[in-house]
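Below, each chain spelled out in residue letters.
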Amino acid sequence: MASMSFTALLLLLTVLTGCGTSPPSPTPPTLPSSLPDPVTVVDMIPASLSGEENQDSEPFLSVHPADPRRMAASAFTPNPAGPASGVAPIFVSEDGGTSWTLRSILPSAGPVGTGDITHASTGGKAATLYAGILRIPGSSLLNELMTLDFASAATMSVQASRSQVDQPFVQAARIGINDRVYVGNNDFNAAPRTATVDVSLDAGATWKSVRVESRDTAGQDGPSVRPTVARDGTVYAAYFGWRSFDGRMAISDVVVVRDDGGATTFQALVGSDGLPGRVVARGVSIPWSNGPTLGQERIGSTLSLAVDPNSSATVYVAWGDRVGNGDIYTIHVRRSSDGGRSWSADLRAIVNATNVALAIANNGTVGLLYQQVDGLGSGARWQTRLEQTRDGFITTQSTILASVPADTPEPQFLPYIGDYAYVLAVGEEFRGVFSANNTPDPANFPQGVKYQRRVNPVTKTLEDASGRGVAISIDPFYFSIPVMR
Amino acid sequence: MSRLKRIMCSVLGAGLLLVPSAAPVSGQTTRHEWLKGCSIVFVGRVVKVGDVSFAGVPRSPRTIVVSVDEVLEKPKAVSLVKGDRVTVEVKDPSQFHDGALVTFYANGWIFGDGVAVQEVGHELAPELAPVSSGAGSSPKQEALAQARQELNDAQLRSRIQGADIVVVGRVKAIRRGGPVAAAVSEHDPDWQEAIVHVESAIKGARDGEEIVIRFPGSMDVGWYGAPKFKPGEEGTFLLEKDKLSGSPKAMLAGAEVDAYVAGSRQDVLPKSEAPRVRALMQQ
């Protein structure tokens, strides 16, 4: 019944809006729910760490493709033994996200584990995990890591390493018989054209750093460089081509490059100036604020890219900038249906939001995750939402995963909740992670929530093993949402 | 080495590089070595060899289940109380039998519904010699606290020896200073300088002089844990010449002077710790 209602509404809207050519609606019509299964939200902190008060921000998630019950996740989570242990932890689930354990397998010794970290899983029987971390101690020290079993106790092995690199962003896929690994990064060694994708076509045995920026910059590009891999081996990468920078504002192009069939040149797309890379948006204003700015979070570089797994010509990009209409930060979503040669206008614009992440499911449904500050002052709340659409955001199905106070707790450091969150499509689900205030109040989680750590449901407070109160902090949350049919 | 590289390398690594090794205490060498390398100490009775205490822990001949009798030391975040069942991955399972009472020195391995640890060392519980029992703490806890204090003293003594200057002082002012990072990054340290009036010099400085302590003002996660200073702050400061920022000198009253850094929070002690520091320096 719900599915029929959705179809009828979709047809009606398509007629009324002229086949999707209308300007973006700030708030698209929300469809009645057609979700067949319950939404899952889980606080990932294990019961045996109920006393922790860390700021576990900037989460990331990997799902083992052959056995989706097995997942690895990360955040700025310290080893409970402290940095002297020399290893940093990841979260591991082996039951599809119902429960999570923490185990230390990353070679890093920071007070919050690693610096920036992302990862991706591939493999058949083995739960292979590739990770890119900024290792501590180190000088923005990129380590590209691998393990054949992320649930094992063995420390991940270092496949490649170099200093002066920022924001490694890992994507990987098995193409044919080999794992291909792509690590977007901002490599200061390549200044002034710093946007880079490290490519390995042989499971990390050898690496090549491909400089994807081809135009003049303001001395460097922006921090975020985001690759995405289609099933046919087509790879896209998006980056911020900074054209000028005054210390507080970057004037930037949003650029997409493409690589076909493992050529590792990323020159398949050419702009109107004859240079590699298509400019999706030219000269946008991106505020650079490395202090609490939006709900206690810093802003300056949020970017996401996703390709349709079954049609590599369809690709979506999303980024944050300042429009200048009173907004602090606005997320934009655009689409190409011809392999990145041409791009739509904004399909979606979301004010005062960040941590955008895109994924596309097998049936073509697009998932858009973001975190938005709703309200002002002490009443402001961080809302984490996943929107789903099958018609380019003419209509959406929006799910609020969390709505928590934006002014508590105080930041221990930045990023407060993360410079990114993450979502990916897994079969009939969108799975993802976000970080948020961990107050165990059901009102904060409209879809429900499961806490592993000890909570007092009467007082809506956290407790340690002895029943003593534990301060509210930022926790990583896992979620699963059925793909809209 | 580029400026940014020097900056990031030195400061991000400072917390570790300045952690010294402790001098062993006579008769307690082994325990001190274990304490240096462990974060969880507990007394427990072996329940079963070759088993695990919760799902998600891989069972092996080296895993044993232990019922906790007394927790002597653990990180605050870790939930571990008397009666809990813990999985211990031991080095040599032949040394354990069901029912044995053992003190384990261990590190966290897997945290889930329960705790799994990896053995650093162990001793039969009676070997942890009891000392006078104060109110609220057991003899074992007191003995461990004494050993930990001795270890802490040894580590502090080592840090004092490694410091270029040790002073008791008060922060007069904070100013921007130090090199500007070459690259624009969210990990920019945003160097600042604390002008400190030396009330009492313990090592390598003069009473009444002013010194410059350079520190990262950034809130970025890469600098989390680095000492930060505020005007009016008083303390006992263990300082090294600045090899972190890439610019070893600072300007003070029109003259070029050495800039100093505090490598970790352990190098910024309360003013009241000055007598302990002086005593350790003389040992």
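Residues numbered from 1 in each chain as written. Chains lettered and ligands numbered in written order. Predicted model: local features only at pLDDT ≥ 70, side-chain atom pairs only at ≥ 80, totals over all residues. Heavy atoms only, no water.

(A) Quick peek at the overall build of chain B. Within chain B one finds four helices and twelve strands. Counting across all 283 residues of chain B, residues that qualify as buried make up 51%. For chain B, restricting intrachain contacts to residue pairs at least 6 apart in sequence, the fraction spanning at least 24 positions comes to 66%. When the accessible surface of chain B is totalled, it reaches about 12,300 Å², and 51% of it is carbon and sulfur. (Helix = DSSP H or I, 4+ residues; strand = E, 2+ residues; numbered from the N terminus. Buried < 20%, exposed > 50% of the residue type's maximum accessible area, 1.4 Å probe, protein only. Contact = heavy atoms within 4.5 Å. Areas by Shrake-Rupley, 256 points an atom, 1.4 Å probe, with all protein chains shown as cover.)

(B) Representation of the interface of chain B and chain A in the model. Of the residues lining the interface, 35 residues belong to chain B; the matching set on chain A comes to 51 residues. Taken together, the two surfaces of chain B and chain A that pack against each other cover about 3,500 Å², and 61% of this comes from carbon and sulfur. Where chain B packs against chain A, one counts two salt bridges. For Arg298 of chain A, the salt bridge is made with Asp220 of chain B, and the minimal N-O distance between the two is 2.7 Å. Our count for the chain B to chain A interface comes out at 20 residue pairs in polar contact (both at pLDDT 80 or more). Elements that contribute at least two residues to the side of chain B that touches chain A include exactly helix H1 (3-17), strand S4 (101-111) and strand S5 (115-124) of chain B. A per-element tally of the side of chain B that touches chain A places H1 of chain B first, with seven residues. The residue makeup of the side of chain B that touches chain A, split by class, is 19 nonpolar, eleven polar and five charged. (Buried area = accessible area lost by both parts, 1.4 Å probe. Salt bridge = Lys/Arg side-chain N within 4 Å of Asp/Glu carboxyl O. Polar contact = N/O pair within 3.5 Å; in protein donor to acceptor, adjacent residues only side chain to side chain. Nonpolar A, V, L, I, M, F, W, Y, C, P; charged D, E, K, R; others polar.)

(C) Region of interest: the pattern of salt bridges. Inspection of every chain in the model, using the stated rule, returns 42 salt bridges over all chains. A salt bridge links Arg31 of chain B to Glu123 of chain B, with the shortest nitrogen-to-oxygen separation between them at 3.5 Å. Note that Arg31 of chain B is positioned in helix H2 (residues 29-36) and Glu123 of chain B in strand S5, a separation of 92 residues in sequence. Among the residues examined, Glu123 of chain B registers a relative accessible area of 8% and is labelled buried. Arg159 of chain B is the partner of Asp267 of chain B in a salt bridge, and the nearest nitrogen-oxygen pair spans 3.0 Å. Of the two residues, Asp267 of chain B is situated in the loop between strand S11 (255-261) and strand S12 (268-269) and Arg159 of chain B in helix H3 (residues 139-162); the sequence distance between them amounts to 108 residues. Summarising the burial analysis for this pair, Asp267 of chain B and Arg159 of chain B share the class buried. Through salt bridges with shared partners, a single ionic network connects Arg162, Asp187, Asp198 and Arg211 of chain A.

(D) Structural detail: the packing of aromatic side chains. Scanning the model with the defined rule gives 23 aromatic pairs over all chains in all. Ring geometry for Phe60 of chain A versus Tyr420 of chain A: centroids 6.0 Å apart, planes at 85 degrees, classification edge-to-face. Pair noted here: Phe60 of chain A is in strand S2 (residues 60-63) and Tyr420 of chain A is in the loop between strand S27 (397-405) and strand S28 (422-426), with a separation of 360 residues, a long-range link. Assessed through its relative accessible area of 4%, Tyr420 of chain A is described here as buried. Arranged with centres 6.0 Å apart and planes meeting at 80 degrees, the rings of Phe76 of chain A and Phe413 of chain A form a pair that is edge-to-face. Linking Phe76 of chain A in the loop between strand S3 (71-74) and strand S4 (88-93) with Phe413 of chain A in the loop between S27 and S28, this pair joins segments that are 337 residues apart in sequence. For Phe76 of chain A, a relative accessible area of 1% gives the class buried. Grouping aromatic residues by their ring pairs yields a cluster made of Phe434, Phe445, Tyr451, Phe477 and Phe479 of chain A. The ring of Phe150 of chain A has Arg70 of chain A lying over it, and the distance from NZ or CZ to the ring centre is 5.6 Å. One cation-aromatic arrangement involves Arg265 of chain B over Tyr224 of chain B; the distance from NZ or CZ to the ring centre is 5.6 Å. (Phe/Tyr/Trp six-rings, centres within 6.5 Å; stacked < 30°, edge-to-face > 60°. Lys NZ or Arg CZ within 6 Å of the ring centre and 35° of its normal.)

(E) Here's a closer look at the pairing of strand S25 (residues 366-374) of chain A. Residues and elements named next belong to chain A. Buried residues dominate S25, accounting for eight of its nine residues. By the bridge criterion, six bridges tie strand S24 (residues 353-360) to S25 in an arrangement that is antiparallel. When the sheet's bridge partners are listed, Thr354 is paired in S25 with Gln371. Between the antiparallel neighbours S24 and S25 lie five residues, among them Gly364 with a positive phi of about 90 degrees. One ladder, built from nine bridges, connects S25 with strand S26 (residues 381-389); its direction is antiparallel. Residue pairing for S26: Val373 is matched across the bridge by Trp382. In this antiparallel pair of consecutive strands, S25 and S26, the connection spans six residues, and Gly375 shows a positive phi of 95 degrees. (Pairing = 2+ DSSP bridges.)

(F) Quick look at the sheet that holds strand S34 (residues 474-482) of chain A. All names here are of chain A. Across the sheet, five strands lie side by side as S28-S29-S34-S1-S30; this open sheet has mixed pairing. The two strands at the open ends of the sheet, each matched to only one other strand, are S28 and strand S30 (450-451). In this structure, strand S29 (residues 429-437) lies alongside S34, joined through nine bridges in antiparallel fashion. Bridge pairing links Val433 to Tyr478 in S34.

(G) Helix H4 (residues 274-282) of chain B, seen in detail. Residues and elements named next belong to chain B. When we look at burial in H4, the residues that qualify are Ala274, Val277 and Leu280. Buried residues along H4 cover an arc of 130 degrees about the axis, so they all sit on one side. Counted as exposed and oriented over 90 degrees from the buried face of H4: Pro275 and Gln282. Packed against the buried residues of H4 are H3, strand S6 (165-176), strand S7 (191-203), strand S9 (234-241) and S12. (Arc of directions from axis to C-beta.)

(H) The arrangement of unusual backbone geometry in detail. All names here are of chain A. Between Ile136 and the following residue, Pro137, the backbone shows a cis peptide bond with an omega angle of 0 degrees. Looking at the secondary structure, you find Pro137 in the loop between strand S7 (128-135) and strand S8 (141-147). In this chain, Leu414 is followed by Pro415 through a cis amide linkage whose omega measures 10 degrees. On the secondary structure map, Pro415 appears in the loop between S27 and S28. Positioned with a positive phi, Gln167 is a non-glycine residue whose angle comes to about 50 degrees. With respect to the helices, strands and loops of the structure, Gln167 is situated in strand S10 (residues 165-175). With a relative accessible area of 3%, Gln167 lands in the buried category. In the Ramachandran plot, Asn355 falls in the positive-phi region, its phi being about 55 degrees despite a non-glycine side chain. Residue placement: Asn355 occurs in strand S24. For Asn355, a relative accessible area of 0% corresponds to the buried category.

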